[in-house]
Amino acid sequence: MNREQGITIIWVSHQLEEILEHAGRLIALKAGPFVADGAPSVLLSDPVLLQAFEWEEPPALAVSRILRELGAAVQDHQPLTVLEAAGAILAFHQNRHVSI
């Protein structure tokens, strides 16, 4: 809404999947002070930050990371919808050449 209407919404949530899906910016606080500020997909991919807050990596980012580690063409810190993940898996499988 900020870009379209010039309105800023402050939303407090502990639901990482909701933050990843809807928020354009994440500010993480721990015992008061700011700990991190940035794009949710980048911050929620940071293992140090995840450990500091005892958070689990959101499934959409975990699938993206695993596909990247396997060599699939998926951008860093890019959360995937179910359809995007299925497409990436299919493309990876089709482009993979296995020698027997």
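It should be noted that the structure appears before, not after, this text.
Below you will find a few notes about this structure. If you're wondering where the values come from, they're calculated on a predicted model, not measured in any experiment. (Residues numbered from 1 in each chain as written. Predicted model: local features only at pLDDT ≥ 70, side-chain atom pairs only at ≥ 80, totals over all residues. Heavy atoms only, no water.)

1. Brief notes about the nonpolar core
Then, in step 1: Counting residues in hydrophobic clusters, the biggest one holds 11 residues: Leu16, Ile19, Leu20, Leu26, Ala28, Ala36, Leu43, Leu44, Leu49, Phe53 and Leu61.
Then, in step 2: Elements supplying a minimum of two residues to this core: helix H2 (16-22), strand E1 (26-29) and helix H4 (47-53).
Then, in step 3: If one sorts the elements of this core by residue count, H2 sits on top with three residues.
Then, in step 4: Excluding its chain neighbours within four sequence positions, the residues that come into contact with Leu43 are Leu26, Ala36, Asp37, Gly38 and Leu49.
Then, in step 5: Residues Ala72, Val74, Ala88 and Phe92 belong to the second largest nonpolar core, which totals five residues. (Core = buried A, V, L, I, M, F, W, Y, C linked by side-chain atoms within 4.5 Å. Buried < 20%, exposed > 50% of the residue type's maximum accessible area, 1.4 Å probe, protein only. Helix = DSSP H or I, 4+ residues; strand = E, 2+ residues; numbered from the N terminus. Contact = heavy atoms within 4.5 Å.)

2. Concerning the pairing of E1
Then, in step 1: By the alternation rule, side chains of E1 split into Leu26 and Ala28, which are all buried, and Ile27 and Leu29, of which none is buried.
Then, in step 2: The pairing of E1 with strand E2 (residues 34-38) spans four bridges and is antiparallel. Among the inter-strand pairings, Leu26 is bridged to a residue of E2, identified as Gly38.
Then, in step 3: Connecting E1 to the next strand, E2, in antiparallel fashion are four residues, including Ala31 with a positive phi near 55 degrees. (Pairing = 2+ DSSP bridges.)

3. Overview of the packing of aromatic side chains
Then, in step 1: Under the criterion given, the structure shown has one aromatic pair.
Then, in step 2: Their ring planes at 20 degrees and their centres at 4.5 Å tell us that Phe53 and Trp55 sit as a pair that is stacked.
Then, in step 3: Given the relative accessible area of 15%, Phe53 is considered buried.
Then, in step 4: For Lys30, the ring lying beneath its charged end belongs to Phe53, and the centroid distance is 5.1 Å. (Phe/Tyr/Trp six-rings, centres within 6.5 Å; stacked < 30°, edge-to-face > 60°. Lys NZ or Arg CZ within 6 Å of the ring centre and 35° of its normal.)

4. Topic: the environment of Trp11
Then, in step 1: Along the chain, the position of Trp11 falls in the loop between helix H1 (2-5) and H2.
Then, in step 2: Taking the C-alpha atoms as reference points, Trp11 and Ala60, separated by 49 residues in sequence, lie 21 Å from one another.
Then, in step 3: Once residues lying within four places of it in the same chain are set aside, the contact partners of Trp11 are Glu18, Ile19, His22 and Ala23.

5. Examining a nonpolar patch on the surface
Then, in step 1: Taken together, Ile7, Ile9 and Trp11 make up a surface patch of nonpolar side chains, about 290 Å² in accessible area.
Then, in step 2: Tracing the sequence through the fold places Ile9 in the loop between H1 and H2.
Then, in step 3: Judged by its relative accessible area of 56%, Ile9 falls in the exposed class. (Patch = residues over 30% accessible without salt bridge, like charges linked within 9 Å, V, L, I, M, F, W, Y side chains within 5 Å. Areas by Shrake-Rupley, 256 points an atom, 1.4 Å probe, with all protein chains shown as cover. Salt bridge = Lys/Arg side-chain N within 4 Å of Asp/Glu carboxyl O.)

6. Observations concerning the pattern of salt bridges
Pairing of side chains with opposite charge becomes possible as their charged atoms draw close.
Then, in step 1: A complete count under the given rule lists three salt bridges for this structure.
Then, in step 2: With a shortest N-O distance of 2.7 Å, Asp37 and Arg25 are connected by a salt bridge. Here Arg25 lies in the loop between H2 and E1 and Asp37 lies in strand E2, a separation of 12 residues in the sequence.
Then, in step 3: The exposure class assigned to Arg25 is exposed, which follows from its relative accessible area of 53%.
Then, in step 4: The partner of Arg65 in a salt bridge is Glu69, with the nearest N and O atoms 3.2 Å apart. Linking Arg65 with Glu69, this pair stays in helix H5 (residues 59-69), spanning four residues, or about one helical turn.
Then, in step 5: Accessibility expressed as a relative area gives 57% for Glu69, which makes it exposed.
Then, in step 6: Beyond isolated ion pairs, a larger network of salt bridges with shared partners links Glu57, Arg65 and Glu69.

Functional significance is not addressed by these values, which are geometric in nature.
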